[in-house]
Amino acid sequence: MPDFPAAVPRARVRVPLRFHDGYRADADVVTFHGLTDGREHLALVLGDPGPVPLVRLHSECLTGDVFGSARCDCGPQLREAAERIAGRGGVLLYLRQEGRGIGLYNKLDAYALQDRGLDTYEANAALGLPEDARDYTAAAQMLGALGIGEVDLLSNNPDKAEQLRALGVAVRDRVPTGVFTTAHNVRYLRAKVLQTRHTLPLGELADLAEAAERTGPAELAELAERTGLAERTAG
């Protein structure tokens, strides 16, 4: 078994969640003592979790989650996860790992480099930063503190499942999220497929990325609609 200390629940409070599109859910928000990285991560328990709950590890994204930035798919994924987890029963782990662990300011610096043509991973490297600095030890601690040893993982990212398994959490199944394409994030999504094996439709994303080079947002949105990759909430 992996060698890391156990965490323990610190407090649990009921919080009514209200999303911009009118969706509502009530969550038990759990805080913890003893997380290895010392950050203030949260577990949102939604619905009635069963023996193998649906779990999402969602890394904090201020620009996407709060301000609705179209440069990533984080906000729509968070919204989707809340509804799907509440419907089945499970846990949304909200992890304070902005910008794949490099922080908010560095993420915005990387955006500036992306505007010059680099992809999201190349931009991190150009800044002397890791492509993905996230470590999910705290997530495994949180699940352990909640008495969860096996999960169905709501994610397109195989690294999350691999890290959890290495940390002693059984991942029975990896459940894909929806595809949330905008005129501003299609190159970002395609880079995730090519660089980190995300389970997204590469062919369609390649077509949209090529179209983005020669069309405006309206035309790209129309193409996304025709190919079935228009922004949507699955569930």
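Residues numbered from 1 in each chain as written. Predicted model: local features only at pLDDT ≥ 70, side-chain atom pairs only at ≥ 80, totals over all residues. Heavy atoms only, no water.

### Quick notes on the overall build of the chain
Operational definition: Helical segments are the DSSP runs of H or I of at least four residues, strand segments are the runs of E of at least two, and each set is numbered from the N terminus. The buried label applies to any residue whose accessible area, calculated with a 1.4 Å probe on protein chains only, is under 20% of its type's maximum; exposed applies above 50%, and partly exposed to all values in between. Throughout, a contact is declared for two residues whenever any of their heavy atoms are within 4.5 Å. Areas reported as accessible are Shrake-Rupley estimates using a 1.4 Å probe. Residue values count occlusion only from the protein chains shown.
Counting secondary structure elements, the chain contains nine helices and seven strands. Taking all 235 residues of the chain together, the buried fraction comes to 49%. Taking the intrachain contacts of the chain between residues at least 6 apart in sequence as the baseline, contacts between residues at least 24 apart amount to 62%. Summed over its atoms, the accessible surface of the chain is roughly 11,200 Å², and 50% of this surface lies on carbon and sulfur atoms.

### Structural notes on the sheet that holds strand β1 (residues 8–18)
This is how the line gets drawn: Here the rule is simple: two strands pair whenever DSSP picks up at least two bridges between them. Axes here mean lines fitted to C-alpha atoms, for a helix over just the part in contact, with angles spanning 0 to 180 degrees between N-to-C directions.
An order of β1-β2-β3-β5-β4-β6-β7 is seen for the seven strands of this open sheet, with the pairing classed as mixed. The open sheet is flanked by β1 and β7 (170–175), the only strands paired with a single partner. Within this sheet the neighbouring strands show an average axis-to-axis angle of 30°, counted without direction. In the sheet, strand β6 (residues 150–154) pairs with β7 via five bridges, with the strands oriented parallel. Residue pairing in the sheet places Leu-154 in a bridge with Val-175 of β7. Across the face of the sheet, helix α2 (residues 74–88) comes into contact with β2 (24–33), β3 (42–46), β4 (54–59), β5 (90–95), β6 and β7 while running at roughly 160° to β4. Packed on one face of the sheet, helix α5 (residues 137–145) meets β1, β2, β3, β4, β5 and β6 and runs near 145° to β5.

### Re the confidence of the model for the chain
The condition that has to hold: Residue-level confidence of the predictor is summarised by pLDDT, bounded by 0 at the bottom and 100 at the top.
On average, residues of the chain score 84 in pLDDT, and 75% of them are at 70 or above. Here residues 200–206 is a poorly scored stretch, pLDDT under 50, and it has 18 contacts once near neighbours within four places are set aside; other chains count. Counting contacts from residues 218–235, a segment whose pLDDT is below 50, to residues more than four positions away or on other chains yields 39 contacts.

### Comments concerning the packing of aromatic side chains
Pairs of aromatic rings are described using the distance from one ring centre to the other and the angle between the two planes. Selection rule: Classification of ring pairs uses Phe, Tyr and Trp, with its six-membered ring standing for Trp, and accepts pairs whose centres are within 6.5 Å; under 30 degrees between planes counts as stacked, over 60 as edge-to-face, and the remaining range as tilted. Charges are assigned to positions over rings by a cutoff of 6 Å between ring centre and Lys NZ or Arg CZ, combined with an angular limit of 35 degrees from the ring normal.
This model, assessed by the stated rule, comprises one aromatic pair. A centroid spacing of 6.0 Å and a plane angle of 40° characterise the contact between Phe-19 and Tyr-23, whose relative ring orientation is tilted. Looking at Tyr-23, the relative accessible area reads 17%, which means it is buried. The aromatic ring of Tyr-111 is capped on one face by Arg-71, whose charged end is 4.3 Å from the ring centroid. The residue whose ring lies beneath Arg-79 is Phe-19, and the NZ or CZ to ring-centre distance is 5.8 Å.

### A look at the pattern of salt bridges
Filter applied, for reference: The rule for a salt bridge is simple: a side-chain nitrogen of Lys or Arg has to be within 4 Å of a carboxyl oxygen of Asp or Glu.
Applying the stated rule across the entire model yields 12 salt bridges. Between Arg-12 and Asp-28 there is a salt bridge, and its shortest N-O distance comes to 3.4 Å. One end of the pair, Arg-12, is in strand β1; the other, Asp-28, is in strand β2, and 16 residues separate them in sequence. Between Asp-152 and Arg-88 there is a salt bridge; the shortest N-O distance is 2.6 Å. Residue Asp-152 is located in strand β6, and its partner Arg-88 is located in helix α2; the two are separated by 64 residues in the primary sequence.

### Considering the side chain of Gln-114
Within the secondary structure layout, Gln-114 lies in helix α3 (residues 104–114). We classify Gln-114 as buried; its relative accessible area is 17%. Apart from the residues within four sequence positions on either side, Gln-114 is in contact with Arg-71, Asp-119, Thr-120 and Ala-123.

### What to know about the nonpolar core
What counts here: By convention a nonpolar core is built from buried Ala, Val, Leu, Ile, Met, Phe, Trp, Tyr and Cys residues, the set being connected through side-chain atoms within 4.5 Å.
Counting residues in each nonpolar core, the largest one holds 25 residues, and the members touching the most others are Leu-57, Leu-93, Leu-143 and Val-151. Of all the secondary-structure elements, those providing two or more residues to this core are β2, β3, β4, β5, α5, β6 and α6 (158–166). It is α5 that contributes the most residues to this core, five residues altogether. Residues in contact with Leu-57, not counting those within four places in the same chain, are Leu-93, Leu-95, Tyr-136, Ala-139, Leu-153, Lys-160 and Leu-164.

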